Amino acid sequence: MKDNDKEFNVKPATHIYKIYSTGKIEKCHREGAIKGKYHYIDNTNKNHFLGKFYYKYITNKYKFNRKYGLTKKINLVDLNNIKNYSNGSISFGFTMDSPRHYVNEFTLASLFGAMLECGFDDFVCNGFSKADGSSSPSVSHKNGYHGDFKYLRKDKVIKTGAGTSLDISIEPKKFDFTRQNKFINALNKFGWTNFLGWTYTLNKTVYYLDHISKNTKNHNHHLHIEKYNHDFISIKNK
Ligand SMILES: [Zn+2]
């Protein structure tokens, strides 16, 4: 067997993602890869292996829309396979609370970067996309690019199921806006450029979250992240 065969034909190809704490992400691309390995490089240059995830390879039904990717085929990853990570001061905890549990291979790297920048244990996701890249009843969650998250709570209690998302228009005192702003800014640092949410009112003063300048209907109980920068990840072909 030639070395080439060993490298390219026998072993299924893998994409390698390197997510740097500085806010840079590199993808080492291999044609026909069926899985991705995700690494986080912290500010001491230490490598943290976050996992190897098999892809769901699907047809891009929305390829004429720049928002959702321009390639004919795309790779999704099942967020139910994500494992919490903790090693020294580098950690995150993630809980999935939706049947829309597929994220894009690119946005997964960005989500890891944002969650590890914050280091919180109580991220709860209200959904990205379904297994075929669709998202009904939501109109914009296509191909795993846009996602919803429960607002972060001061008591850090993880709640799942219908009606468990904190409504910050009703219970602003339970809302941890300091941590929420940190998460929004981290998501922005790692590629998302627009956020929909709600204001919160304490002692008759209205406060705005970072990057959210207005109330958007039905976003008093979750943060919506969108308009992912498709040029954010630098891709190297190998
Ligand atoms: Zn949404």
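The text that follows walks through the structure, step by step, so that each part is easy to find. None of these values were measured; they are calculated from a predicted model. Numbering of residues starts from 1 in each chain and follows the order in which that chain's sequence is written. Reporting in this predicted model follows two pLDDT cut-offs: at least 70 for local features of residues, and 80 or more for side-chain atom pairs to be given and counted; totals over whole chains, interfaces and linings ignore these cut-offs and use all residues. As a convention, hydrogens and water are excluded, and side-chain values are obtained from all of the structure's heavy atoms.

## Here we look at the coordination of the zinc ion
Metal coordination here is assigned from N, O and S atoms located within 2.8 Å of the ion, or within 3.2 Å for Na, K and Ca; omission of water means that sites may look incomplete. Every protein donor of the zinc ion is accounted for by His-141 (NE2), Asp-148 (OD) and His-224 (ND1), and the metal-donor separations fall at 2.0 to 2.2 Å. Taking relative accessible area as the criterion, Asp-148 reaches 6% and is therefore assigned buried. Whether a residue is buried, partly exposed or exposed follows from its accessible area with a 1.4 Å probe, protein chains only, as a fraction of its type maximum: under 20%, in between, or over 50%, in that order.

## Here we look at the nonpolar core
Residues belong to one nonpolar core when they are buried, are Ala, Val, Leu, Ile, Met, Phe, Trp, Tyr or Cys, and are joined through side-chain atoms within 4.5 Å. Core analysis: the largest hydrophobic core is formed by 55 residues, its most contacted members being Tyr-38, Phe-94, Leu-111, Phe-112 and Phe-183. The greatest single-element share of this core, amounting to nine residues, is contributed by helix H2 (residues 105-118). Setting aside residues up to four positions removed in sequence, Phe-183 forms contacts with Leu-111, Ala-114, Met-115, Cys-118, Phe-123, Phe-149 and Leu-152. Each helix is a run of DSSP H or I of at least 4 residues and each strand a run of E of at least 2, with the numbering of both proceeding from the N terminus. For this analysis, residues touch if any pair of their heavy atoms sits within 4.5 Å.

## Brief notes about the pattern of salt bridges
Salt bridge, as used here, is a side-chain nitrogen of Lys or Arg placed within 4 Å of a carboxyl oxygen of Asp or Glu. Overall, the coordinates contain eleven salt bridges when judged by the stated rule. Note that Asp-132 is salt-bridged to Lys-61, the shortest N-O span being 3.2 Å. Linking Asp-132 in the loop between strand S11 (123-127) and strand S12 (147-149) with Lys-61 in the loop between strand S5 (56-59) and strand S6 (73-78), this pair joins segments that are 71 residues apart in sequence. On the basis of relative accessible area, Asp-132 is assigned to the partly exposed category, the value being 36%. When its relative accessible area of 47% is taken as the criterion, Lys-61 is described as partly exposed. Between Lys-150 and Asp-97 there is a salt bridge, with the nearest N and O atoms lying 2.8 Å from each other. A residue pair is termed long-range when its members are at least 10 positions apart, and Lys-150 in the loop between S12 and helix H3 (177-189) and Asp-97 in the loop between strand S9 (94-96) and strand S10 (102-104) qualify at 53 residues. Comparing Lys-150 with Asp-97 shows no difference in burial state: the two are buried. When salt bridges with common partners are traced through the structure, they connect Lys-24, Glu-26 and Lys-236 into a single cluster.

## A closer look at the side chain of Thr-164
Residue placement: Thr-164 occurs in the loop between S12 and H3. As used in this structure description, the phrase polar contact means that two N or O atoms lie within 3.5 Å; if the pair is within protein, one of them must be able to donate a hydrogen and the other to accept it, and residues adjacent in sequence are counted only when both atoms belong to side chains. Among the polar contacts listed, one links the side chain of Thr-164 to the side chain of Lys-150, at a separation of 3.4 Å. At 2.7 Å, the side chain of Thr-164 and the backbone oxygen of Gly-161 are in polar contact. Excluding residues within four positions of it along the chain, Thr-164 makes contact with Asp-97, Lys-150 and Lys-159.

## Considerations on the layout of surface pockets
The definitions used throughout rest on a 1 Å grid laid over the protein atoms alone, on which a cavity is an enclosed set of points accommodating a 1.4 Å probe that cannot get out and a pocket is an open set flanked by protein within 12 Å on both sides along at least five of seven lines; lining residues are those having an atom within 4 Å of a point. Grid points are joined across faces, edges and corners, and a volume is the space filled by probe spheres set on the points. When its volume is computed, the largest pocket comes out at roughly 510 Å³. Together, 25 residues line the largest pocket, and Lys-27, Thr-71, Lys-73, Glu-105 and Phe-106 are the ones closest to its centre. Of all the elements in the fold, those that place two or more residues in the lining of the largest pocket are strand S2 (25-29), S6 and H2. Considering only residue class, the lining of the largest pocket consists of ten nonpolar, nine polar and six charged. Residue polarity is assigned by list, with Asp, Glu, Lys and Arg as charged and Ala, Val, Leu, Ile, Met, Phe, Trp, Tyr, Cys and Pro as nonpolar; anything else, Gly included, falls into the polar class.

## Topic: H3
In this analysis, the expected span of each helix is defined as 1.5 Å times one less than the number of residues it contains. Helix length check: H3 (13 residues) gives 18 Å between terminal C-alpha atoms against 18 Å at 1.5 Å per residue, within 8%. Restricting attention to buried positions, one finds in H3 the residues Arg-179, Gln-180, Asn-181, Phe-183, Ile-184, Ala-186 and Leu-187. Just downstream of H3, Gly-191 is the residue with a positive phi angle, here 125 degrees.

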